[in-house]
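# A closer look at the structure
What follows is each chain in one-letter form.
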Amino acid sequence: MGEKSRKTVPAEVIVPDGRDVASDKKEPLLSVRGIDKSFGSRSGRTQVLFNVDMDVAEGECLAVIGGSGSGKTTLTRIAFGLEQADSGTVTYRGVALSGVRSLGMLRLRNESGLVFQNPFTSLDPRWTAGESIAEGLIARQAGHRAGDAGRRAASDDIAGAVRRALGMVGLDPDEFIGRYPVDMSGGQAQRVAIARAIVAEPRIVLADEPMSAVDVSGRVQILDALAEIRRKRPRTAMVIVSHDLGVVQHIADRIVVLHDGRIEETAATGDLLTHPRSAYTKQLIDAAAW
Ligand SMILES: Nc1ncnc2c1ncn2[C@@H]1O[C@H](COP(=O)(O)OP(=O)(O)OP(=O)(O)O)[C@@H](O)[C@H]1O
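Residues numbered from 1 in each chain as written. Predicted model: local features only at pLDDT ≥ 70, side-chain atom pairs only at ≥ 80, totals over all residues.

### Quick look at helix α7 (residues 186–198)
In this model, α7 (13 residues) spans 18 Å end to end at C-alpha, consistent with the 18 Å of a helix rising 1.5 Å per residue. The buried fraction of α7 amounts to 12 of the 13 residues, a majority that puts the element mostly inside the structure. (Helix = DSSP H or I, 4+ residues; strand = E, 2+ residues; numbered from the N terminus. Expected span 1.5 Å × (residues − 1). Buried ≥ 20, exposed ≤ 12 C-beta atoms within 10 Å, placed from the backbone.)

Structure, rendered in structure tokens:
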């Protein structure tokens, strides 16, 4: 995606110290405020997140970058309700994730798609790509239709949705629908995992280091797949975690830089690349592999 085609957030919403007060004029889709997190026993606790704020707007692609151990995975797991913060709040569509059965948590679970680093551990080796991708939809549709006609209609819908999702990630449905993970490259398997994450048309997708377990050609295809999802589903928000700024610079609208558990800066991608505020961000720009 070219620099010109990038959506940028108005400069006035980026406050001077780099804190992310609001990514858009309207309410963010997902909002994280004042998150602290420590790990360890009472005698030896290590704090890994310090008063972190982060917003994700509808349709926005936000990249969270930082070195190893900076807290990217912990922060995004907390933001998506997969882990509990020690203090602070997470709000999805204006409702707090206040417990596993809270409205905010149920909505977020139902409306998010998750992609993790290693597709071979997230895909069931006993299932074909078609079965893996269909799984989420089948569970969701089961409650909505009754009777044989309903079940037939549901299975037609599912087959169509699975084929569309495979097409969106650049995999030929005829070729891949019946294929098992063992017969896929890392890049193909990761694109199947992405198809599974987006088949139910989630409002927000988390991709945690989706390219790190894949070779260079596979990485390009994964990036293309994510860009295609953004084109076809412009209202879907994405949060992409990466240690490499180069990987995300062509797809992210905004970038959050984490350093030792603190937000170093948050800015529109073009601004961050051309006018990095911190020495640490400059280091990440210099180290970008792509
Ligand atoms: N369950 C856990 N128990 C103890 N420490 C943890 C746990 N999860 C994460 N940590 C620690 O928290 C810190 C942040 O880890 P996190 O995985 O969030 O960082 P990261 O930026 O995603 O790193 P990486 O790029 O290496 O995956 C690290 O020091 C890590 O060792």
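### Brief notes about the sheet that holds strand β2 (residues 46–56)
A sheet is described by the order of its strands in space; here four strands give the open sequence β2-β1-β4-β5, paired in antiparallel fashion. The strands lining the two open edges of the sheet, one partner per strand, are β2 and β5 (95–96). Pairing geometry for strand β1 (residues 30–39) and strand β4 (residues 87–92), over five bridges, is antiparallel. The residue of β4 that forms the bridge with Val32 is Val90. (Pairing = 2+ DSSP bridges.)

### Quick notes on the site of the ligand
Around the ligand sit Phe39, Val48, Gly66, Ser68, Gly69, Ser70, Gly71, Lys72, Thr73, Thr74 and His243, and those are all the residues in its vicinity. Split by residue class, the shell around the ligand holds two nonpolar, eight polar and one charged. (Near = placed C-beta within 6 Å. Nonpolar A, V, L, I, M, F, W, Y, C, P; charged D, E, K, R; others polar.)

### Comments concerning the environment of Ala57
In this structure, Ala57 sits in the loop between β2 and β3 (61–65). For Ala57, a count of 23 C-beta atoms within 10 Å translates into the label buried. The sequence separation of Ala57 and Arg93 amounts to 36 residues, and the corresponding C-alpha distance is 9.9 Å.

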